[in-house]
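Inside the fold
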Amino acid sequence: MNILVTGGAGYIGSITCVQLIAAGHRPIILDSLVNAKAEVVNRIEQVSGQRPVFVQADVRDRARLVQTLREHAVDAVIHFAGLKAVGESVAQPWRYYDNNVQGSLVLIDAMREVGIQTLVFSSSATVYAETLDQPLHEGSVISSNSPYGRTKLMAEQIFSDVVAAEPTWSITALRYFNPVGAHPSACLGEDPQGVPNNLMPFIAQVAVGRRSALHIFGNDYPTPDGTGVRDYIHVMDLADGHLAALRYAHGRPGHHVFNLGSGRGLSVLELLSAFGRACGKSLPYEFSPRRPGDLAAFWANPSLAEELLNWRVQRSLDDMCADSWRWQSQNPNGYESS
Ligand code: NAD
Ligand code: UFG
């Protein structure tokens, strides 16, 4: 299939493009590069042996979208494009609603004009309300405590209403848990700008000497070792989840929702110690106060995806750390040095 991949130059999108090519699909990347580098397209070619079409455009540019969908005879869309920093969304909510919600609306509008009705959307575990009832399943209560999370909830609701209005659509929301790791070639990985917000890239930068120590946000949570517990998923498994979702959803009308997670919760200290094994040294850390808005623990029940998509995670915690370390050590400044 010809697949339009919005946000395809980003962390998860780029690795999904490699897996799409490996499965015989033709990705067409549309990305504004607001949070990515053009070098990523060279890296996708290097890894996959095929250069994807790259259109530098904003997903809110309806005319470019319609033109791209037509010109490349697109069969289905995977919609990664969006802003994703929770703290920034609190400070600049208007940017998040415009980019993430308006972007999704323009995409639907353009797809309607061209007559394409298969869409896979990057949602997030952040749409779930705080609850002690773990693991989270697709029927768990939803509600979000940040503008970023609300953009994901709103987009899911819009997509559900589109399917209700025009039941021939197939729209799949994939609720990712915590994506980590890199492509095993070390050519593609996460390249955050400035100080990383997320745990794994921060640890990787400590390991490579860019940061002096990890600050662990809270050691008094009601978890086995007092640090926060999350469901980390290898980005390669996540990418494969998109292929499984496409296989399932193309030609199957409806609004589908799946958790993509491992089903296992890991603490900050457990992840840090696994990373230490991968890089061969123990990494410095200190305990800091809790980060506002953080939850103690959540992880996925991935059984719906296992049952219907025939997908489950294949990679271990050690794979996540080894691939993340290989990427970080071979690209200490991310894509910058290329
Ligand atoms: P990323 O920032 O690396 O990738 C997003 C890509 O979208 C970037 O390349 C960026 O340049 C592009 N983009 C943003 N706004 C755009 C616009 N208006 N038009 C065109 N391109 C635009 O992030 P990622 O980690 O790869 O995340 C991909 C998607 O998955 C996002 O929607 C994110 O919200 C969602 N998600 C990510 C995580 C995570 O922890 N990484 C967790 C859950 C959900
Ligand atoms: N943490 C630290 N130190 C750091 C960074 C994180 O101790 O420097 C801790 C956090 O307190 C948390 C855990 O590591 O306990 C994971 O934190 P991340 O920031 O990596 O991930 P979150 O679970 O907070 O958030 C991620 C995405 C959000 C998404 C959410 C739910 O960043 O976009 O998962 O899917 F909304």
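Right, let's walk through the structure included here.

Let's talk about the packing of aromatic side chains
Taken as a whole and judged by the stated rule, the model has seven aromatic pairs. Arranged with centres 5.0 Å apart and planes meeting at 55°, the rings of Trp327 and Tyr335 form a pair that is tilted. We classify Trp327 as buried; its relative accessible area is 3%. Taken together, the aromatic side chains of Tyr128, Phe177 and Phe298 make up a single cluster linked through ring pairs. Positioned over the ring face of Tyr248 is Arg252, at 4.1 Å from the centre of the ring.

A short note on the site of ligand 2
If you check the shell around ligand 2, you find 22 residues, and the closest are Asn198, His215, Arg230, Arg291 and Asp294. In the environment of ligand 2, an oxygen atom lies 2.6 Å from a nitrogen or oxygen atom belonging to the side chain of Asn198. One of the side-chain N or O atoms of Arg230 is found 2.6 Å from an oxygen atom in ligand 2. Against a free-state accessible area of 680 Å², the protein chains account for coverage of 90% of ligand 2. Classifying every residue of the shell around ligand 2 by side-chain character gives eleven nonpolar, seven polar and four charged.

Structural notes on the site of ligand 1
Around ligand 1 lies a shell of 27 residues, among which Asp31, Asn35, Phe80, Lys84 and Tyr148 are the nearest. Within the contact set of ligand 1, an oxygen atom lies 3.2 Å away from a backbone nitrogen or oxygen of Val34. Between ligand 1 and Lys84 there is a distance of 2.8 Å, counted from an oxygen atom to a side-chain nitrogen or oxygen. Its free accessible area being 820 Å², ligand 1 has 95% of it covered by the protein chains. Of all the secondary-structure elements, those providing two or more residues to the shell around ligand 1 are helix 1 (11-22), strand 5 (118-124) and helix 6 (147-165). Per-element tally for the shell around ligand 1: the top contributor is strand 5, with three residues. The residue makeup of the shell around ligand 1, split by class, is 13 nonpolar, nine polar and five charged.

What counts, and at which threshold
- Residue numbers restart at each chain and count upward from 1, following the sequence in its written direction.
- For this description, chains carry letters from A and ligands carry numbers from 1, given in the order in which they are written.
- Local features in a predicted model are, by the rule used here, given only for residues with pLDDT of at least 70; side-chain atom pairs are given and counted only at 80 or more, and totals for whole chains, interfaces and linings are based on all residues.
- Side-chain figures throughout are based on the complete set of non-hydrogen atoms in the structure, without hydrogens or water.
- Centres within 6.5 Å make a pair out of two Phe, Tyr or Trp rings, where for Trp the six-membered ring is used; the pair is then stacked when the planes are under 30 degrees apart, edge-to-face when over 60, and tilted otherwise.
- Three exposure classes are used, based on accessible area relative to the maximum for each residue type with a 1.4 Å probe and protein chains only: buried under 20%, partly exposed in between, and exposed over 50%.
- A positively charged side chain is recorded as over a ring if its NZ (Lys) or CZ (Arg) lies within 6 Å of the ring centre. The angle to the ring normal must also be within 35 degrees.
- Near residues are defined by distance, with any heavy atom within 4 Å of the molecule or strand qualifying the residue.
- As used in this structure description, the phrase polar contact means that two N or O atoms lie within 3.5 Å; if the pair is within protein, one of them must be able to donate a hydrogen and the other to accept it, and residues adjacent in sequence are counted only when both atoms belong to side chains.
- Accessibility throughout is a Shrake-Rupley quantity obtained with a 1.4 Å probe, and a residue counts as covered only by protein chains that appear here.
- Classification convention: Asp, Glu, Lys, Arg as charged; Ala, Val, Leu, Ile, Met, Phe, Trp, Tyr, Cys, Pro as nonpolar; all other residues, Gly among them, as polar.
- Helix and strand definitions here come from DSSP, where helices need a minimum of 4 consecutive H or I residues and strands a minimum of 2 consecutive E residues; each element is numbered from the N-terminal end.

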